[in-house]
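One letter stands for each residue in the lines below.
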Amino acid sequence: MRLTILFGGASFEHEISVVSAITLKEKLSSFELSFIFCDEKHNFYLINPLKMKATTFSHGDYKKMPQLVLTRGGFLQKSLMSKKKHTNVVLNLIHGADGEDGTIASVLDFFCIKYIGPRNDACTFSYDKRYTKYLCESKGIKTVNYEVLSSNEHKNMTLDYPLIVKPATLGSSIGVSIVKEESQLDYALDSAFEYDNNVLVENFIEGVKEYNLAGYMFNDEIYFSIVEEPQKEEFLDFEKKYMDFSRSESVLKADISDELTVKLKATFEKVYRELFEGALIRCDFFVVNGEVLLNEINPIPGSMANYLFKDFSKCIENISSELKTPKSIKVSYDYIHSISKAKGK
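Please read all numbers here as calculations on a predicted model, not as lab measurements. (Residues numbered from 1 in each chain as written. Predicted model: local features only at pLDDT ≥ 70, side-chain atom pairs only at ≥ 80, totals over all residues. Heavy atoms only, no water.)

Chemist: I'd like to hear about the sheet that holds strand β10 (residues 163–167), residue by residue, with values.
Modeler: Across the sheet, four strands lie side by side as β9-β12-β10-β11; this open sheet has antiparallel pairing. The sheet is open, and its two borders are formed by β9 (146–150) and β11 (177–179), each paired with just one other strand. When the angles between neighbouring strand axes are averaged without regard to direction, this sheet yields 25 degrees. Where helix α5 (residues 129–139) meets the sheet, its contacts fall on β9, β10 and β12 (198–203), and the angle it forms with β12 comes to roughly 55 degrees. Contacts from helix α6 (residues 185–193) reach β9, β10, β11 and β12 within the one sheet, and its direction differs from that of β10 by about 20 degrees. (Pairing = 2+ DSSP bridges. Helix = DSSP H or I, 4+ residues; strand = E, 2+ residues; numbered from the N terminus. Axes fitted to C-alpha atoms, helices over the stretch in contact; angles between N-to-C directions. Contact = heavy atoms within 4.5 Å.)

Chemist: Explain the packing of helix α4 (residues 120–127) against α5 residue by residue, including any values.
Modeler: One can describe the packing of α4 onto α5 by two numbers: an axis separation of 5 Å at closest approach and a directional angle of 100 degrees. Classed by the angle they form, the pair α4 and α5 counts as roughly perpendicular. Only Lys129, Tyr131, Thr132 and Leu135 of α5 make contact with α4, whose side of the interface consists of Thr124, Phe125, Ser126 and Tyr127. By residue class, the composition of the contact of α4 with α5 is four nonpolar, three polar and one charged. (Parallel < 35°, antiparallel > 145°, perpendicular 65-115°, else oblique. Nonpolar A, V, L, I, M, F, W, Y, C, P; charged D, E, K, R; others polar.)

Chemist: Mind laying out the environment of isoleucine 256, listing which residues take part and the relevant values?
Modeler: The residue isoleucine 256 is located in the loop between α7 (238–244) and α8 (258–272) in this model. Taking the C-alpha atoms as reference points, isoleucine 256 and serine 150, separated by 106 residues in sequence, lie 39 Å from one another. Contact partners of isoleucine 256, with chain neighbours within four places excluded, come to Tyr211, Val227, Thr261 and Leu264.

Chemist: Residues and numbers for the sheet that holds strand β8 (residues 115–116), please.
Modeler: Pairing is mixed across the open sheet formed by eight strands, whose spatial order is β6-β5-β4-β3-β2-β1-β7-β8. Of all strands in the sheet, those bounded by a partner on one side alone are β6 (83–86) and β8. Where strand β4 (residues 67–71) and strand β5 (residues 74–78) come together, four bridges link them in antiparallel fashion. Each bridged residue has a counterpart across the sheet, and for valine 69 the counterpart in β5 is leucine 76.

Chemist: Describe the side chain of threonine 267, and please don't skip the residues or the numbers.
Modeler: By secondary structure assignment, the location of threonine 267 is in helix α8. The residues touching threonine 267, leaving out its near neighbours within four places in the chain, are Ile141, Phe285 and Val292.

Chemist: Before we move on, could you go through the packing of aromatic side chains and cite the residues and values that matter?
Modeler: Each aromatic ring pair is described using two quantities: the centre-to-centre distance and the angle formed by the ring planes. This model, assessed by the stated rule, comprises 16 aromatic pairs. Residues phenylalanine 37 and phenylalanine 57 carry aromatic rings whose centres are separated by 4.7 Å and whose planes lie at 45 degrees to one another, so their mutual orientation is tilted. With phenylalanine 37 in strand β2 (residues 32–38) and phenylalanine 57 in helix α2 (residues 54–58), the pair connects residues that are 20 residues apart, well separated along the chain. Take phenylalanine 37 and phenylalanine 57: they sit in the same class, and that class is buried. With centroids separated by 5.6 Å and ring planes inclined at 15 degrees, the aromatic side chains of tyrosine 216 and tyrosine 223 adopt a geometry described as stacked. (Phe/Tyr/Trp six-rings, centres within 6.5 Å; stacked < 30°, edge-to-face > 60°. Buried < 20%, exposed > 50% of the residue type's maximum accessible area, 1.4 Å probe, protein only.)

Chemist: Describe α5, and please don't skip the residues or the numbers.
Modeler: Among all positions in α5, only Lys129, Arg130, Thr132, Lys133, Leu135 and Cys136 are buried. Here the buried face of α5 lies against α4, β9, β10, β12 and β16 (291–298).

Chemist: Quick rundown of empty space enclosed by the protein? Include the residues and the values.
Modeler: Scanning the entire structure with this criterion turns up one cavity of 30 Å³ or more. In this structure, the largest cavity encloses a volume near 90 Å³. Around the largest cavity sit Ser126, Lys129, Thr132, Lys133, Thr143, Lys166, Leu200, Glu202, Leu294, Asn295, Glu296 and Ile297, which together line it. With four residues, β16 is the single largest residue contributor to the lining of the largest cavity. A class-by-class count of the residues in the lining of the largest cavity yields three nonpolar, four polar and five charged. (1 Å grid on protein atoms, 1.4 Å probe; cavity = no way out; pocket = protein on both sides within 12 Å on 5 of 7 lines; lining within 4 Å. Points joined across faces, edges and corners; volume = space filled by probe spheres on them.)

The structure is reproduced here in structure tokens:
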């Protein structure tokens, strides 16, 4: 199978995306892969697969490689004597802004390029943690108690300590702090507001059981990964998550009851259906007294959560086989013609 991995982007999670792309080069070695890098200025480069290593990007060597432009149906490579169009299915592997906020989804849809990844509306409800809460409320999915704070508006907190403070639109634990008493709150808020004007504050549940579950749709059925119980301390900080994004080795299935597995899958399906078709996502859950709470939706999980699937290559093949090009609208100009005719023009 031919597949183009699109990675990079203008995001605080840019380097995470590079690590994910390098990991998938190994994991999808049976595929005919090409790699397109988006730099922080939104220039696209066709990367030599043999040069897919971290220093190619940190040293700026990618700038010596062919530059691409977008055109209907794919990416175009121009030279003095020829043009070459790259029309593979694209795997959107840009984490954070650009990739998960709907920007790239909108661009690929605009140019009628088939891609694996969340569509614009799915990005809206998963990129911003506030909207994820609103989505859950509308679907009857339970979450941790929360409040939203804005840098432009001061209000007193009503939640009890300890708390966890998160920028509304960042992943990888960037800007996240645990606040155990009131004296620590201002510093935590200042740290979070460096990355976002809006902050989500939740009750921090100590010793909570956490489970990760990934999946995608194929033949109108949700195909699930194993359930993972991540090994962690209080929470996964940026350094631990950075390493986590390079994972390619399979992990052990969580030792949980069939009843809990059914609950997790049912909640995942509520999140996924009618919103995330065409994407492989991972949901992170808390379980408190047997009750499942959604913690986070990962619309483009690190290294695509490959380590949770027995046959990850087959997952990508399945999703690719059902991708549809956006419907074209034929413009007839009948209305303008009728007006012109009525005016005798």
